[in-house]
Amino acid sequence: MTVRVAMWSGPRNISTAMMRSWGSRADTVVVDEPFYAHYLQQTGLEHPGAEEIIDRGQTDWRDVVASLFEDLSEGKSVQFQKQMTLHLLESMDRGWIHNVVNCFLIREPRDVITSYAAKRPHLDLSDLGFLQQAELHAWVLEHTGQDPPIVDARDVQNHPEAVLARLCERIGTAFDPAMLSWPPGRRDTDGIWAPHWYTSVEASTGFNPYREKGQDVPAALEGIYKVGLETYRELYEQRIRPDD
């Protein structure tokens, strides 16, 4: 039986480390932000490497969906999709979401904003996916019959085995201790945007415990932070806890 997992996150979370974790399983194939090229083409946003991403990626969301449901390679029974909520544009049909196991990865907005602003200082609320994530979570609850598990980045960093084991249980697949570590370096499955965004994860070999960075949200982004914090708190209360 094939299990297709869509983990919905936002930028500057630990989503790439989570992709490394799932990619360490012998039974799993990972997919890195499959709608990114379509998103950039439709929005015209200036992201690092945008022209190359559009040129080399799939820019029709229908083709992307079709590719997500192709047969997995021999010996693989799990597909892990690293998905960005902001890439799910309103013009895209959501019917396919019924046919994957949805879960959500959240992170405290202060950490997201300060990290993202270092890469793209001119940003607005839609760039970070906070509202999109809350809306999609509500949509999945209402339309799919699923109760999608939520995991918080800091919980995963500080208690990876406990949180991942519980997440696997909720998803319906066995936990594999291989998920706790991985060799450093780039992967063939990484998107072509990896040189712009994946420097830290390429040096990692596992989930590092959370460290307080002590960075303040820029004054110009305080409004975004307040909105993000409200949506984050709503999802945080429903998260998988390490001691569940």
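Thresholds applied
- Residues numbered from 1 in each chain as written.
- Predicted model: local features only at pLDDT ≥ 70, side-chain atom pairs only at ≥ 80, totals over all residues.
- Heavy atoms only, no water.
- Buried < 20%, exposed > 50% of the residue type's maximum accessible area, 1.4 Å probe, protein only.
- Helix = DSSP H or I, 4+ residues; strand = E, 2+ residues; numbered from the N terminus.
- Pairing = 2+ DSSP bridges.
- Polar contact = N/O pair within 3.5 Å; in protein donor to acceptor, adjacent residues only side chain to side chain.
- Contact = heavy atoms within 4.5 Å.

Undergrad: Explanation requested: the pairing of strand β4 (residues 101-106) in the structure shown.
TA: In the case of a regular strand, side chains alternate between the two sheet surfaces. Counted residue by residue, β4 has 5 buried out of 6 residues, so it is predominantly covered. Where strand β1 (residues 3-9) and β4 come together, 4 bridges link them in parallel fashion. Each bridged residue has a counterpart across the sheet, and for alanine 6 the counterpart in β4 is asparagine 102. Looking at chain direction, β4 and strand β5 (residues 150-152) are connected through 3 bridges and run parallel. Bridging from a neighbouring strand, phenylalanine 104 pairs with isoleucine 150 of β5.

Undergrad: Quick question: what am I supposed to make of the side chain of glutamine 83 here?
TA: Mapped onto the elements of the fold, glutamine 83 is located in strand β3 (residues 78-84). In terms of polar contacts, glutamine 83 uses its side chain to reach the side chain of glutamine 81, at 3.0 Å. Apart from residues lying up to four places away in sequence, glutamine 83 is in contact with Ala6, Met7, Trp8, Ser9, Pro34, Phe35, Leu68 and Trp96.

Undergrad: Hey, could you run me through helix α5 (residues 109-119) in this one?
TA: For an α-helix, 3.6 residues make a turn, and residues three or four places apart therefore share a direction. The buried fraction of α5 is high, at 8 of 11 residues. Of all the residues in α5, the buried ones are Pro109, Asp111, Val112, Ile113, Thr114, Ser115, Tyr116 and Ala117. Packing partners of the buried residues in α5 comprise α6 (130-143), α7 (153-158), α9 (194-197) and α11 (222-236). With a side-chain oxygen positioned 2.5 Å from the backbone nitrogen of arginine 110, the residue opening α5 is glutamate 108.

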